[in-house]
2 protein chains.
Amino acid sequence: MNQSGPAGQHTVRRHNSALVLNTIATADGLSRASVAARTGLTKATVSSLVDRMITAGLVVDGGPEHRVGRGRRGTALSLSPTGPHGLGVEIGVDTLSCALVDLTGRVRVSWTLEVEPRGRTVEEGLSQVADLVGLAQAEAARLGVSVGGVGVAVPGLVESSTGLLRSAPNLGWRDVPLHTELRARTGVTDRPLLVGNEANLAGLAELWFGGREDRRDFVHVSGEIGIGAGLVVSGELFPGVRGFGGEIGHLSVDPAGPPCSCGGRGCLERLAGRAAVLAAAGVPAEPEGGGGDGMADLLGRLRDHDAAALTAVTDAGRWLGIAMADVINLVDIPTVVLGGTYARLEPWLRSTLLAELDRRVVSSGWAPIAVEPSVLGSRAAVQGAAGWVVRGILDDPEPFLVGPPT
Amino acid sequence: MNQSGPAGQHTVRRHNSALVLNTIATADGLSRASVAARTGLTKATVSSLVDRMITAGLVVDGGPEHRVGRGRRGTALSLSPTGPHGLGVEIGVDTLSCALVDLTGRVRVSWTLEVEPRGRTVEEGLSQVADLVGLAQAEAARLGVSVGGVGVAVPGLVESSTGLLRSAPNLGWRDVPLHTELRARTGVTDRPLLVGNEANLAGLAELWFGGREDRRDFVHVSGEIGIGAGLVVSGELFPGVRGFGGEIGHLSVDPAGPPCSCGGRGCLERLAGRAAVLAAAGVPAEPEGGGGDGMADLLGRLRDHDAAALTAVTDAGRWLGIAMADVINLVDIPTVVLGGTYARLEPWLRSTLLAELDRRVVSSGWAPIAVEPSVLGSRAAVQGAAGWVVRGILDDPEPFLVGPPT
DNA sequence: GCGTACAAATTCAGTCATCAAACTATTTGG
DNA sequence: CCAAATAGTTTGATGACTGAATTTGTACGC
């Protein structure tokens, strides 16, 4: 049983509102009649629901549609570009990013701040985030749109029930009550403020904005400084019980391998993480303070067929393959999407990765596994964070639909 | 969006019926008033719903409750022991089991047939199953109860959308359309006939009948001939996209380890499976045709503090720990339940297993992991299969609640 | 140029499940 | 023996959907 409460007519309304709004979202420009046909609701019901959404400013009633044949033309419905926006923030290791995204998923404005990497105190970090949110809210006001909520992406383990950041090794943060702190500092108290893991949100961004409406099941691997993953199943994130899911960085791919900072041995991150790959390829170490772009260097070497670079990357593909095989055997997902750094390395990783998958995945015989590079760039996580808010609205628009004055 | 269809009043009824029935199921002997209080529904609504369930024979109106204090006594409601039963079947390697389970989860009758291990053709196997189902149906008729559906547990990969058994190495079966075949052979066409993986169903059995109503999140490891797992999250099985989830038998715990029949190297099953542990402990090989009980032998040696046996089992615990750490890092589950063979070995496995978990699980620092032996015996999978049917009824009783004649 | 066929959208009565509140039934405490 | 408390039923109101009829708008045929 879905431990949910009692249902009443309002529940029906809620459900159908979401259904109609999502239908409009996935197929822009539908008429009321087509929405009715697609959803199985009556034209009358759809009209009633759509009217409320129009008065609430979530949907706009465009001009008449273009269609051949006789009969009256329907009016094209679309998500309102001036409806509530999602505000996404990403707390990166050396950047702080922010984006305003409208209901259709389009990025309206985005900022990226270079910040002092590491060594930042929690206090500094939080006030920087609060400032940025304030800036974005001002911008939203200038654009004349409201902010429907704030989503925050963090490179660490976030307890979903409390919004507590348990551990973010790359930031050097531990046990920071992000949700409470940011509510207080940003003054966002009457709208959702969501905090989530950066890799998970990047996965969701890929789902929503990656142009793969057909693919509703995949693992999105995002290799930035650490390695994380987002498991997307049936078009929804699978975050695990407390929200710590998808932590593939410390899957043990070689129990006899080199020791890792986490205490284990032969962790994926230690063997196929950015630092490990660059080192194995012989790329000079990146200075701690940022600046040097080892990845560009590596890509150059790969294009020049540098032997060490090629070996380093194909080896990484092998380790990644072992880890992904584990993931697929465990949660049975047919597609691997390579994001972050791995997206750019995909051409060179691909063959060894696929070879390991074919060999190790129990179901590979009759259900081949697809490997694809992500189409989103480094902004995936911010977009995911903002999109999270937008999704929340589309999936439950009821709070925005004030009762009609009648 | 939960790609579900339109909602109407009937949807509300459905939801609330399930809610009320589940409330009665989890707390036997409640009165209508208490159900109303717990669910948040009105007394009037609860009365109306309960009445339908009583006329449908799902619920019985017991005598007045015993309670101190003033006020009228309520009438105790319980699940009807003569309501529809779940019929579970387990196709094992050398056994064929079957059980009739009532709505409360009690096993009413159960059979176990020893059958020729392996070498059985699909044809033979299927007709044996059909015969057994026929037998059980006859018994149900004799008891005067109806069969609400049939659940079948198989040691192999079952595609959940089609009920196709893709592969069952230990049976030697491949690509058997179990669902269609069994529908045809058993004549069960108007009631659900569900086919699922044995390890997954054992996990569900642990959830429903293991007396752990509080624990709604765990991995259940069942080590019989092969090693499988059931991931239970928020009180529901997580079967993966196509139903092949939980295949931990071929997680690679040692990439440089011995080759496995699956083509990989150092698979968990190869290192910590029953055969491997027995061999490492120096227990004489079990004859192919069954008979010898190597496990009893092993347990004897363990109690006698036999060095080889102890090392074999603690090593297995270590391998299992590596695999479980991967599982937990990936899907973030706080509890490991050891079922099947491992339940009996738990006292000896425990410490090395826990040690690996503590070391490798990223979240172990602030969220300790519990390890517990299963309380269910070898009948777990059959019970799970039967319980699956019962759950289906409790979670959607509507089909059984014929409209009142009024 | 005009009527007819056709499709979109709205209107309105009907249905149905919930709720709130009043009412009946039962039991205890004073 | 009555007042207070609790269980369960009855009744009318509310709200959301449906289905059919109606209105509005567009194109095609003559």
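Residues numbered from 1 in each chain as written. Chains lettered and ligands numbered in written order. Predicted model: local features only at pLDDT ≥ 70, side-chain atom pairs only at ≥ 80, totals over all residues. Heavy atoms only, no water.

### Details of the overall build of chain A
Part 1: Of regular secondary structure, chain A possesses 12 helices and 15 strands.
Part 2: Expected size for 406 residues packed as a compact globule is a radius of gyration near 22 Å; at 23 Å, chain A falls within 12% of this value.
Part 3: Counting only C-alpha atoms and orienting by the principal axes, one finds that chain A spans roughly 70 × 55 × 45 Å.
Part 4: Residues counted as buried form 55% of the 406 residues belonging to chain A.
Part 5: Of the contacts formed within chain A by residues at least 6 apart in sequence, a portion of 60% connects residues at least 24 apart.
Part 6: Side chains of chain A carry 36 positive and 43 negative charges; the gap between the two charge centres is 8 Å. (Helix = DSSP H or I, 4+ residues; strand = E, 2+ residues; numbered from the N terminus. Rg over C-alpha atoms; globule rule 2.2 N^0.38 Å. Buried < 20%, exposed > 50% of the residue type's maximum accessible area, 1.4 Å probe, protein only. Contact = heavy atoms within 4.5 Å. Lys, Arg positive; Asp, Glu negative; His and termini not counted. Charge placed at Lys NZ, Arg CZ, Asp CG, Glu CD.)

### Brief notes about the pattern of salt bridges
Part 1: Going through the model one piece at a time under the given rule, you end up with 42 salt bridges over all chains.
Part 2: Asp332(A) serves as the salt-bridge partner of Arg242(B), at 2.5 Å between the closest nitrogen and oxygen. Taken together, the positions of Arg242(B) in the loop between strand 13 (236-237) and helix 7 (268-272) and Asp332(A) in the loop between helix 10 (307-331) and strand 14 (335-339) put the pair across two chains. Here Arg242(B) matches Asp332(A) in class, with each residue buried.
Part 3: Each member of the salt-bridge network shares a partner with another, and the members are Glu206(A), Arg212(A), Arg215(A) and Glu372(A). (Salt bridge = Lys/Arg side-chain N within 4 Å of Asp/Glu carboxyl O.)

### Some thoughts on the environment of Val50(A)
Residues and elements named next belong to chain A.
Part 1: Mapped onto the fold, Val50 is located in helix 3 (residues 43-56).
Part 2: Residues Val50 and Val313, 263 residues apart in the sequence, show an inter-C-alpha distance of 52 Å.
Part 3: Residues in contact with Val50, not counting those within four places in the same chain, are Val20, Ile24, Arg32 and Leu77.

### Quick word on helix 2 (residues 32-39) of chain B
All names here are of chain B.
Part 1: Of all the positions in helix 2, only Arg32, Val35, Ala36 and Thr39 are classed as buried. One side of helix 2 holds all its buried residues, which, seen down the axis, span an arc of 100°. Set apart from the buried face of helix 2 by more than 90 degrees, the exposed residues are Ala37 and Arg38.
Part 2: Buried residues belonging to helix 2 abut helix 1 (9-26), helix 3 (43-56), strand 1 (59-64) and strand 2 (75-79). (Arc of directions from axis to C-beta.)

### Considerations on the interface of chain B and chain A
Part 1: Taken residue by residue, the interface counts 61 residues in chain B and 61 residues in chain A.
Part 2: Interface area for chain B against chain A, summed over the two sides, is near 5400 Å², with a carbon-plus-sulfur share of 60%.
Part 3: For the pair chain B and chain A, the interface holds 22 residue pairs in polar contact (both at pLDDT 80 or more).
Part 4: Breaking the side of chain B that touches chain A down by element, the ones donating at least two residues are helix 1, strand 8 (164-168), strand 12 (227-233), helix 10 (307-331), helix 11 (340-360) and helix 12 (380-395) of chain B. (Buried area = accessible area lost by both parts, 1.4 Å probe. Polar contact = N/O pair within 3.5 Å; in protein donor to acceptor, adjacent residues only side chain to side chain.)

### A word on the protein's contact with DNA strand C
Part 1: Surveying the vicinity of DNA strand C reveals 28 residues, the closest of which are Ser47(A), Thr75(A), Gln9(B), Thr42(B) and Thr45(B).
Part 2: Each atom of DNA strand C within 4 Å of the protein was classed as base or backbone; sugar and phosphate made up 70%.
Part 3: The separation between a base oxygen of DNA strand C and a polar side-chain atom of Gln9(B) is 2.7 Å.
Part 4: Looking at the surface near DNA strand C, the elements with two or more residues in it are helix 2 (32-39) and helix 3 of chain A together with helix 1 and helix 3 of chain B.
Part 5: Per-element accounting of the surface near DNA strand C gives the leading share, 4 residues, to helix 1 of chain B.
Part 6: Classifying every residue of the surface near DNA strand C gives 6 nonpolar, 12 polar and 10 charged. (Near = heavy atom within 4 Å. Nonpolar A, V, L, I, M, F, W, Y, C, P; charged D, E, K, R; others polar.)

### A closer look at the protein's contact with DNA strand D
Part 1: In the region of DNA strand D, 27 residues are neighbours, and Thr42(A), Arg72(A), Lys43(B), Ser47(B) and Thr75(B) sit closest.
Part 2: The contact atoms of DNA strand D, taken as those within 4 Å of the protein, divide so that sugar and phosphate hold 65%.
Part 3: Ala33(B) has a polar backbone atom sitting 2.9 Å from a phosphate oxygen of DNA strand D.
Part 4: Secondary-structure elements contributing two or more residues to the surface near DNA strand D are helix 1 (9-26) and helix 3 of chain A together with helix 2 and helix 3 of chain B.
Part 5: Broken down by element, the surface near DNA strand D gets its largest block of residues, 4 residues, from helix 1 of chain A.

### Thoughts on the domain arrangement of chain A
How big an interface is tends to be stated in terms of accessible area lost as the parts join.
All names here are of chain A.
Part 1: The domain boundaries assigned to chain A delineate domain 1 (9-80), domain 2 (85-202 + 382-395) and domain 3 (212-374).
Part 2: Facing the 14 residues of domain 2 at the interface are 17 residues of domain 3.
Part 3: Taking both partners together, domain 2 and domain 3 bury about 1200 Å²; carbon and sulfur atoms supply 54% of that area.
Part 4: In this structure, the connection of domain 2 to domain 3 is made through 0 salt bridges.
Part 5: At the boundary of domain 2 with domain 3, the tally comes to 1 residue pair in polar contact (both at pLDDT 80 or more).
Part 6: Elements that contribute at least two residues to the side of domain 2 that touches domain 3 include exactly strand 7 (157-159) and helix 6 (198-209).
Part 7: Of the residues assigned to the side of domain 2 that touches domain 3, the class counts are 6 nonpolar, 4 polar and 4 charged. (Domains from an automatic or database assignment.)

### Concerning the UniProt feature "domain: HTH marR-type" (unreviewed entry) in chain A
Part 1: Here, the residues flagged by UniProt with the feature "domain: HTH marR-type" (unreviewed entry) are residues 18-60 of chain A.
Part 2: Along residues 18-60 of chain A one finds 72% helix and 5% strand; the C-alpha atoms at either end are 16 Å apart. (UniProt positions renumbered as here; feature names shortened; annotations may be inferred.)

### As for helix 6 (residues 198-209) of chain B
Residues and elements named next belong to chain B.
Part 1: For helix 6, spanning 12 residues, the distance from its first C-alpha to its last is 16 Å, which sits close to the expected 16 Å at 1.5 Å a residue.
Part 2: The buried count for helix 6 comes to 11 of 12 residues, which makes it a mostly enclosed element.
Part 3: By the burial criterion, the buried members of helix 6 are Glu198, Ala199, Asn200, Leu201, Ala202, Gly203, Leu204, Ala205, Glu206, Leu207 and Trp208.
Part 4: One side-chain oxygen of the residue at the start of helix 6 lies 2.8 Å from the amide nitrogen of Ala199, identifying that residue as Asn197.
Part 5: Directly beyond the C-terminal end of helix 6, a positive phi value near 65° is found at Gly211. (Expected span 1.5 Å × (residues − 1).)

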